[in-house]
There are 2 protein chains.
Amino acid sequence: MVPHLVTALTGPLGELEQRILEAAPAIERWFRLEWMEHTPPFYSAADIRNSGFKIAAIDTDLFPQDWQHLPDQMLPLAVQAVQSVIEKTCPEARNLLILPEHHRSADAGYVRSLARLRQILMMAGLNVRFGSIEPAHTSVQQLALGDGQTLAVEPVQWSRSRLTLPDFDPCMIVLNNDLHEGIPGILEELPAQFLLPPVQSSWTVRRRWRHFGLYEDLARRLAKMLGIDPWLIAPLFAAAPAHDLRNAASVATLAERVEGVLQRVRRKYREYGVPQTPFVTIWPEGARSEGEAVSITSVADLSEEQLARLAGSQSGGSAKDFFIQEGVLTCERLDTRSVEPRVCMIDRHVVGGFYRTIAHDGASGDGLDVAQMLAAPSASFEPLAFAPTVRNAASAPNRFYIYGVLARLSMLAASYELENTTNWIEE
Amino acid sequence: MVPHLVTALTGPLGELEQRILEAAPAIERWFRLEWMEHTPPFYSAADIRNSGFKIAAIDTDLFPQDWQHLPDQMLPLAVQAVQSVIEKTCPEARNLLILPEHHRSADAGYVRSLARLRQILMMAGLNVRFGSIEPAHTSVQQLALGDGQTLAVEPVQWSRSRLTLPDFDPCMIVLNNDLHEGIPGILEELPAQFLLPPVQSSWTVRRRWRHFGLYEDLARRLAKMLGIDPWLIAPLFAAAPAHDLRNAASVATLAERVEGVLQRVRRKYREYGVPQTPFVTIWPEGARSEGEAVSITSVADLSEEQLARLAGSQSGGSAKDFFIQEGVLTCERLDTRSVEPRVCMIDRHVVGGFYRTIAHDGASGDGLDVAQMLAAPSASFEPLAFAPTVRNAASAPNRFYIYGVLARLSMLAASYELENTTNWIEE
């Protein structure tokens with residue numbers, strides 16, 4: 001079960017929410033049995049959308065880089081979850097090395113996330129230091145936390161198939177670098193050290209069609225348990241591999257696939273009497289965040305600017321894979337702002353969450369506007385931590401539990417995904 | 001590691017406290033490795049005394065009956081800890097049966113503790129019901145929570161070596177009954193159900209000399225790690241078996257042993273320049289709480305009334321075992337009241353804690369007065385939950401961590417103890 005946090009949405013539970021809450025014992029048992037067979041990712045974060053009629057995870061991050069938003073009150077839960085990872089991975093561990101993202105070293109928010117991650121790992125009883133695997137880094141870097149303090153990142157040493165720092169030989173290495181520029185050879189063979197998460201957690205290896213295919217399979221099983229239509233907890237999607245957006249014919253086939261998903265969503269909206277306009281989000285496969293994606297309500301709306309954004313650095317003639325996902329509305333509001341819950345997990349446990357909020361005029365309250373704004377590369381996310389409940393947890397409906405179920409569904413999908421890609425890499 | 005809670009004592013850390021905090025990575029690693037070999041009790045609670053120069057567990061309860069004091073904010077931690085027990089005990093569990101204490105069914109505080117325990121177990125994803133193994137209970141009892149609500153305790157059914165309720169076949173049975181009147185045969189053979197904790201956790205089987213002997217061995221190992229005198233974290237003690245307090249010669253030998261412990265404590269006080277007067281606590285073996293014990297500073301002070309209390313229901317000629325324990329002062333104060341921290345644990349995790357406070361004129365501030373008052377059978381305990389920190393956990397010294405270390409030391413001793421008594425029962 002997950003912590004009970006106050007959600008922005010405070011109204012009565014919808015039928016779907018009520019059904020998930022009532023099935024909690026069956027759901028928890030199912031997760032327990034799944035974790036006997038499958039290994040959860042070291043850490044993860046899921047973006048959840050609750051449209052009232054539908055609740056689903058729309059993205060699953062295996063390199064969470066926003067730990068600074070985890071409130072102090074949630075630390076013991078994160079620490080306890082980390083302890084269970086240490087116990088099963090390397091109980092004799094003394095030292096742990098964190099490999100941070102290089103390109104964000106001047107971003108004080110990210111440096112605070114690293115400091116928070118270090119705090120969690122230290123409270124679990126480990127000595128923690130930061131290392132850089134960037135060959136250009138030959139001396140210690142001091143990253144600024146923004147409050148006058150700094151955090152030292154030391155160049156790693158590589159010898160006898162081990163990554164070390166001076167007088168520091170770690171048993172576990174935590175990767176907080178999403179390896180977007182490719183997997184360095186130095187990380188591919190660490191026979192005697194535990195690298196968490198494994199390199200195939202990078203978006204350079206992951207594919208959204210694979211992840212959401214597995215998510216859909218699991219959502220079907222969960223939906224059967226709940227006696228509901230799986231669509232109510234899973235976004236429709238289509239893979240669109242090998243498109244060259246500099247080529248009109250290729251754009252046309254992408255548009256066809258987009259239209260296909262939109263039609264399936266329209267049919268579902270009609271079936272459930274949903275009055276809103278359906279939309280889809282087009283992700284370039286390998287995109288690290290929604291900022292690289294584009295949301296549209298109609299193929300006709302796909303602008304040159306959006307096509308250019310999707311094409312990104314694509315050069316003429318090269319093919320690129322896309323992922324087309326049903327857009328899910330959010331009915332969560334904070335003041336006049338639309339918000340999207342993000343659920344943080346360590347191992348198989350939900351350890352907290354926060355909202356990604358965005359300035360919003362509040363005039364329309366239309367989820368689609370929000371989705372488009374969230375998708376805009378310039379959107380600034382203003383995170384707001386879920387507040388732990390202070391009132392009797394039994395007296396208020398635990399909407400955050402529901403978000404935790406969907407987040408764990410996506411985390412379980414990621415576990416299957418990592419198993420599959422391990423085989424796939426070994427093939 | 002344990003949650004960071006605000007302790008009443010807010011002054012700077014003493015040298016001993018500082019040393020324990022600094023050794024946290026080594027301490028956590030040691031506990032991790034111990035848990036690979038030993039099984040922690042399902043739940044436990046330790047009474048901790050911090051005299052400033054000395055911090056030790058003075059009692060370890062394997063049937064905590066005060067869960068109602070665990071604040072809401074700590075629930076997720078307790079739930080996560082319970083989940084790890086379910087995972088390793090009976091992952092396929094659907095149902096859990098709690099066997100409560102019979103003689104406290106009219107005590108609304110205890111009934112609220114049961115309700116809290118049920119809440120924790122339900123949030124971990126189980127269906128939970130209460131059962132009575134008392135043969136006299138043939139119908140459902142409704143216990144009052146004091147707020148108008150009730151909690152149903154149903155008579156258990158016993159067939160095919162299983163305890164069940166109507167339409168309810170539990171995989172796990174949680175014993176919250178300390179079996180003070182002896183171990184019912186019905187609980188000794190449950191070949192296909194998990195009874196947590198096992199029956200030998202009862203004070204009818206446990207002996208304080210055995211527990212504190214194991215605690216002392218472990219304290220020696222921890223002290224070596226910290227580079228300190230083990231006395232700083234363990235109370236001195238002596239066993240005094242087979243005394244008949246109706247017999248003057250027997251009282252004299254008990255007095256001799258008491259004097260022996262007092263002399264050892266006096267030597268230590270001189271060595272460390274402690275100005276206070278040493279005292280000892282005499283426990284009848286099998287005592288469930290300090291209320292059955294007697295604290296004195298000198299053998300000459302042992303009154304007839306105290307002897308009578310220790311003898312209890314002892315009839316002339318029958319022998320009774322006693323345990324003599326160095327008294328440890330408490331320097332924790334809340335307003336003008338002296339308080340004693342109690343740390344609650346589930347499995348190997350600290351999940352919270354609270355103070356047992358007692359009305360106190362605050363005039364002397366002498367720990368001994370407090371010990372005597374705590375020991376008085378009429379003392380009313382006014383529990384006060386530790387408040388989780390709201391400020392940055394890194395900025396304040398985490399005194400509660402230190403209490404968690406000592407509490408886990410006593411819990412580890414209980415693990416060894418249960419292993420030993422399992423063998424002892426089998427012999």
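Attention here is on the structure that accompanies the text.

**Things to note about the overall build of chain A**
A tally of helices and strands in chain A yields 10 helices and 20 strands. For chain A, the proportion of its 427 residues judged to be buried stands at 60%. Residue pairs at least 24 apart in sequence account for 74% of intrachain contacts in chain A once pairs closer than 6 positions are excluded. Of the roughly 16100 Å² that chain A leaves accessible, carbon and sulfur atoms contribute 50%.

**Some remarks on the state of the cysteines**
Residue and element names in this part refer to chain B. Applying the stated rule across the entire model yields two disulfides over all chains. The disulfide that involves Cys 90 links it to Cys 171, with 1.5 Å between the sulfurs. Where Cys 90 bonds to Cys 171 through sulfur, the torsion about that S-S bond is close to 120°, and the disulfide is right-handed. Taken as a pair, Cys 90 in the loop between α3 (75-89) and β4 (95-100) and Cys 171 in the loop between β9 (162-164) and β10 (172-176) lie far apart in primary sequence, 81 residues in all. Each member of the pair, Cys 90 as well as Cys 171, carries the same accessibility label: buried.

**Points about unusual backbone geometry**
With omega at -10°, the peptide bond leading from A:Leu196 into A:Pro197 counts as cis. With respect to the element layout, A:Pro197 can be found in the loop between β11 (194-196) and α6 (208-226). Positive phi, normally seen in glycine, also occurs at A:Ser161, with a value near 55°. Residue placement: A:Ser161 occurs in the loop between β8 (157-159) and β9 (162-164). Note on A:Ser161: relative accessible area 30%, which makes it partly exposed. The phi dihedral of B:Leu179 falls on the positive side, at around 55°, and the residue is not glycine. Here B:Leu179 shows up in the loop between β10 and α5 (185-188).

**Let's talk about the packing of aromatic side chains**
Taken as a whole and judged by the stated rule, the model has 20 aromatic pairs over all chains. Sitting over the face of the ring of A:Trp209, A:Arg210 holds its NZ or CZ atom 5.2 Å from the ring centroid.

**Description of the sheet that holds strand β7 (residues 150-155) of chain A**
Residues and elements named next belong to chain A. Taken in spatial order, the six strands line up as β6-β7-β5-β4-β10-β11 in an open sheet, and their pairing is mixed. Either end of the sheet is taken by a strand with one partner, and the two such strands are β6 (141-144) and β11. Taking each pair of neighbouring strands and ignoring which way they run, the sheet shows an average axis angle of 35°. Looking at chain direction, β6 and β7 are connected through four bridges and run antiparallel.

**Section: the packing of helix α2 (residues 24-37) of chain B against helix α6 (residues 208-226) of chain B**
For any two helices packed against each other, the geometry comes down to the angle between their axes and how far apart the axes lie. Residues and elements named next belong to chain B. With their axes 10 Å apart at the nearest point, α2 and α6 run at an angle of 145° to one another. Helix-helix and strand crossings are classified by hand; for α2 and α6 the assignment is right-handed. In this structure, α2 contributes Ala 26, Ile 27, Trp 30 and Glu 34 to the contact, and α6 contributes Leu 218, Arg 221, Leu 222, Met 225 and Leu 226. Its residues assigned to classes, the contact of α2 with α6 comprises seven nonpolar, no polar and two charged.

**Focus: the pairing of strand β10 (residues 172-176) of chain A**
Residue and element names in this part refer to chain A. The buried count for β10 comes to five of five residues, which makes it a mostly enclosed element. Across five bridges, strand β4 (residues 95-100) lies against β10 in parallel orientation. In the sheet register, Leu 96 faces β10, and the bridge partner there is Met 172. By the bridge criterion, three bridges tie β10 to β11 in an arrangement that is parallel. Bridge pairing in β11 links Met 172 to Phe 194.

**Considerations on helix α3 (residues 75-89) of chain A**
An α-helical segment advances 3.6 residues per turn. Residues three or four places apart therefore align on the same side. If you check α3(A), its first and last C-alpha atoms are 21 Å apart, about what 15 residues at 1.5 Å a residue would give, namely 21 Å. Taking burial as the measure, the 15 residues of α3(A) include 13 buried ones, the bulk of the element.

**Here we look at the environment of B:Ala240**
Residues and elements named next belong to chain B. Take Ala 240: it is sitting in strand β12 (residues 237-243). Along the primary structure Ala 240 and Ser 298 are separated by 58 residues, whereas in three dimensions their C-alpha atoms are 17 Å apart. Apart from the residues lying within four places of it in its own chain, the contact partners of Ala 240 are Leu 254, Arg 257, Lys 320, Asp 321, Phe 322 and Ile 324.

**Here's the deal with the pattern of salt bridges**
Residues and elements named next belong to chain A. One pass over the structure, following the stated rule, counts 56 salt bridges over all chains. Residue Arg 116 is joined to Asp 72 by a salt bridge in which the shortest nitrogen-to-oxygen separation is 2.7 Å. Remark: Asp 72 occurs in the loop between β3 (55-61) and α3 and Arg 116 occurs in helix α4 (residues 108-123); sequence separation between them is 44 residues. Taken individually, Arg 116 and Asp 72 each receive the classification buried, so the pair is uniform in this respect.

**Regarding the environment of A:Ile183**
Residues and elements named next belong to chain A. Among the secondary structure elements, Ile 183 is positioned in the loop between β10 and α5 (185-188). Taking relative accessible area as the criterion, Ile 183 reaches 23% and is therefore assigned partly exposed. Taking the C-alpha atoms as reference, Ile 183 lies 19 Å from Ala 414; in sequence the two are 231 residues apart. Not counting the four nearest positions on each side in its chain, Ile 183 is found in contact with Glu 188, Val 199, Thr 204 and Val 205.

Conventions and cut-offs
Residues numbered from 1 in each chain as written. Chains lettered and ligands numbered in written order. Predicted model: local features only at pLDDT ≥ 70, side-chain atom pairs only at ≥ 80, totals over all residues. Heavy atoms only, no water. Helix = DSSP H or I, 4+ residues; strand = E, 2+ residues; numbered from the N terminus. Buried < 20%, exposed > 50% of the residue type's maximum accessible area, 1.4 Å probe, protein only. Contact = heavy atoms within 4.5 Å. Areas by Shrake-Rupley, 256 points an atom, 1.4 Å probe, with all protein chains shown as cover. Disulfide = S-S within 2.5 Å. Phe/Tyr/Trp six-rings, centres within 6.5 Å; stacked < 30°, edge-to-face > 60°. Lys NZ or Arg CZ within 6 Å of the ring centre and 35° of its normal. Pairing = 2+ DSSP bridges. Axes fitted to C-alpha atoms, helices over the stretch in contact; angles between N-to-C directions. Left-handed = near helix turned anticlockwise from the far one by under 90°. Nonpolar A, V, L, I, M, F, W, Y, C, P; charged D, E, K, R; others polar. Expected span 1.5 Å × (residues − 1). Salt bridge = Lys/Arg side-chain N within 4 Å of Asp/Glu carboxyl O.

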